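# Commentary on secondary and tertiary structure
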Amino acid sequence: VGNQVDRVWRNARIATMGDSGTAYGAIEAGLIASVGGKIAWVGRESDAPDFNAGQSIDLAGRWITPGLIDCHTHLVYGGNRAPEFERRLNGESYQQIAATGGGILSTVASTRAASEPELLRQSTPRLAHLTSEGVTTVEIKSGYGLDLETESKMLRVAGDLGKYGNVRVSRTFLGAHTVPPEAAGDRDGYIASVCDHQLPAIAADGLADAVDVFCDTVGFSYQQTRRVLVAARRAGLAVKLHAEQLSDQSGAALAAEFGALSADHLEHLSEPSAQRMATAGTVAVLLPGAFYYLQETRLPPIDLMRRLNIPMAVATDCNPGTSPLTSILLALNFACTLFRLTPDEALAGVTRVAARALGIAGLAGTLEVGKACDLAIWDIEHPAELSYAIGFNPLYCRIAGGCDG
Ligand code: DI6
Ligand code: FE
């Protein structure tokens, strides 16, 4: 049988998100066929060969997009910071809260205290919310352990979440997130333990695909960040950076120098650093959830990025302190309303460009033959509806590797 395929989705409108130059890479009256979890055919139904399909699904004109990709999250953590949120709204300052064990170190304490099954139990609903909105790939960072044992625990939980949730998980080691209490403020000493102890062990255990550093005044300096990037390169891991979120440390230029997959946040990105990113092909990951939650006023330089053709991804930054956001659709809306991305740019930011930010552009992010059959199928009339609505989820169904769920 010449055209035997597993499944066919027909009578669909398809936003391939390919780089074709047409909006959304759209195909009207389209059809997708899958074999072995991959896309075997995509195009206009009238051009399709006669498929002999195990299952044929009539989508009645619904839209198909690539399964969405959230390329920057910290969604594995213990506890939450709602009590701290409440204290701040009752007038206590961030410093007062930090002095009484609040802030990021309170999440470190609850993440260390949680057993591995408990951490999995607490993190599962966050991932489930993302997948309920069509996410089929998620990046998850460590960074609330700040010791080898807890960083490894977080990354194992991230891997388990992927298995149980039928999601592709990309894992990032963020041991250089902040200084742990036991380092007593010795940042250089802690960075040495990240480079010489934690990172090589994480790499040897195959627990991470990439390494990230919080390069900022409240995180680590340019020189400290550079030491971690050198160690990552030595271990053969890809790199990315939290850069220029609260101040300009030239982190984005450093990311470009090391051939990083992405530089993330970038509210304080300078033009020279942007030029280096453009030359190196570093993706800019925009995180409008953190911008919103911190009530920032300084926008990332979107027009400059457009002018320099820097690819822009969009992600939730899901974390308990600065972006307790588990909605990729709300991130799309924020990207448009707060950062003035177009809906087409925003959707590319959670599909094609997000795949590139994770180094999996050959595998996911667009609907093309040979890529994974990861689909989000929507009850919408136009793809702009995905970023237009606030807090509405029109997902009809989600397909990961050709399978439902
Ligand atoms: N940037 C952020 O905004 C978060 N981490 C980072 O590197 C803050 C994380 C937290 O407050 O828990
Ligand atoms: Fe982050």
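Here is what the cut-offs are and how they apply
- Residues numbered from 1 in each chain as written.
- Chains lettered and ligands numbered in written order.
- Predicted model: local features only at pLDDT ≥ 70, side-chain atom pairs only at ≥ 80, totals over all residues.
- Heavy atoms only, no water.
- 1 Å grid on protein atoms, 1.4 Å probe; cavity = no way out; pocket = protein on both sides within 12 Å on 5 of 7 lines; lining within 4 Å.
- Points joined across faces, edges and corners; volume = space filled by probe spheres on them.
- Helix = DSSP H or I, 4+ residues; strand = E, 2+ residues; numbered from the N terminus.
- Nonpolar A, V, L, I, M, F, W, Y, C, P; charged D, E, K, R; others polar.
- Near = heavy atom within 4 Å.
- Polar contact = N/O pair within 3.5 Å; in protein donor to acceptor, adjacent residues only side chain to side chain.
- Areas by Shrake-Rupley, 256 points an atom, 1.4 Å probe, with all protein chains shown as cover.
- Sits in = over half its atoms within 2 Å of the grid points.
- Pairing = 2+ DSSP bridges.
- Axes fitted to C-alpha atoms, helices over the stretch in contact; angles between N-to-C directions.
- Contact = heavy atoms within 4.5 Å.
- Salt bridge = Lys/Arg side-chain N within 4 Å of Asp/Glu carboxyl O.
- Buried < 20%, exposed > 50% of the residue type's maximum accessible area, 1.4 Å probe, protein only.

## Remarks on the layout of surface pockets
- The computed volume of the largest pocket comes to approximately 990 Å³.
- In this structure, the largest pocket is lined by 35 residues; those nearest its centre are R81, R88, Y94, G321 and T322.
- Secondary structure elements with two or more residues in the lining of the largest pocket: helix 1 (82-89), helix 2 (94-99), helix 3 (104-113) and helix 10 (288-293).
- Top element by residues in the lining of the largest pocket is helix 1. It accounts for five residues.
- Looking at side-chain class alone, the lining of the largest pocket contains 18 nonpolar, 13 polar and four charged residues.
- In this structure, the second largest pocket encloses a volume near 500 Å³.
- When contributions to the lining of the second largest pocket are tallied by element, the ones reaching two or more residues are helix 11 (302-307), helix 13 (343-349) and helix 14 (352-357).
- It is helix 14 that provides the largest number of residues to the lining of the second largest pocket, a total of four residues.
- For the lining of the second largest pocket, the class distribution of residues is eleven nonpolar, seven polar and seven charged.

## Focus on the site of ligand 1
- Taken together, R81, I104, Y144, H177, F214, H242, Q245, N319, G321 and T322 form the complete shell of residues around ligand 1.
- A distance of 3.4 Å separates an oxygen atom of ligand 1 from a polar side-chain atom of H242.
- A distance of 3.0 Å is found between an oxygen atom of ligand 1 and a side-chain nitrogen or oxygen belonging to Q245.
- Alone, ligand 1 offers 320 Å² of accessible surface; in the complex the protein occludes 95% of this.
- Given that more than half its atoms are within 2 Å of the pocket grid, ligand 1 belongs to the largest pocket.
- Its residues assigned to classes, the shell around ligand 1 shows three nonpolar, six polar and one charged.

## Things to note about the sheet that holds strand 7 (residues 135-141)
- The parallel open sheet is built from eight strands, whose spatial order is 6-7-8-9-10-11-12-13. In this open sheet, the two strands that pair with only one neighbour each are strand 6 (68-70) and strand 13 (312-314). Across the sheet, the mean angle from the axis of one strand to that of its neighbour is 25°, orientation sign disregarded.
- Packing of helix 6 (residues 187-204) onto the sheet brings it into contact with strand 8 (168-176) and strand 9 (210-215), and relative to strand 8 it is tilted by some 150°.

## Re the pattern of salt bridges
- One pass over the full model with this rule turns up 22 salt bridges.
- Taking the shortest distance from any N to any O, the salt bridge between R306 and E345 comes out at 2.7 Å. Pair noted here: R306 is in helix 11 and E345 is in helix 13, with a separation of 39 residues, a long-range link.
- Judged by relative accessible area, which is 30%, R306 ranks as partly exposed.
- Residue E345 is classed as partly exposed on the basis of its relative accessible area, which comes to 21%.
- Each of E139, K141, D212 and K240 takes part in a single network of salt bridges with overlapping partners.

By themselves these figures say nothing about function.
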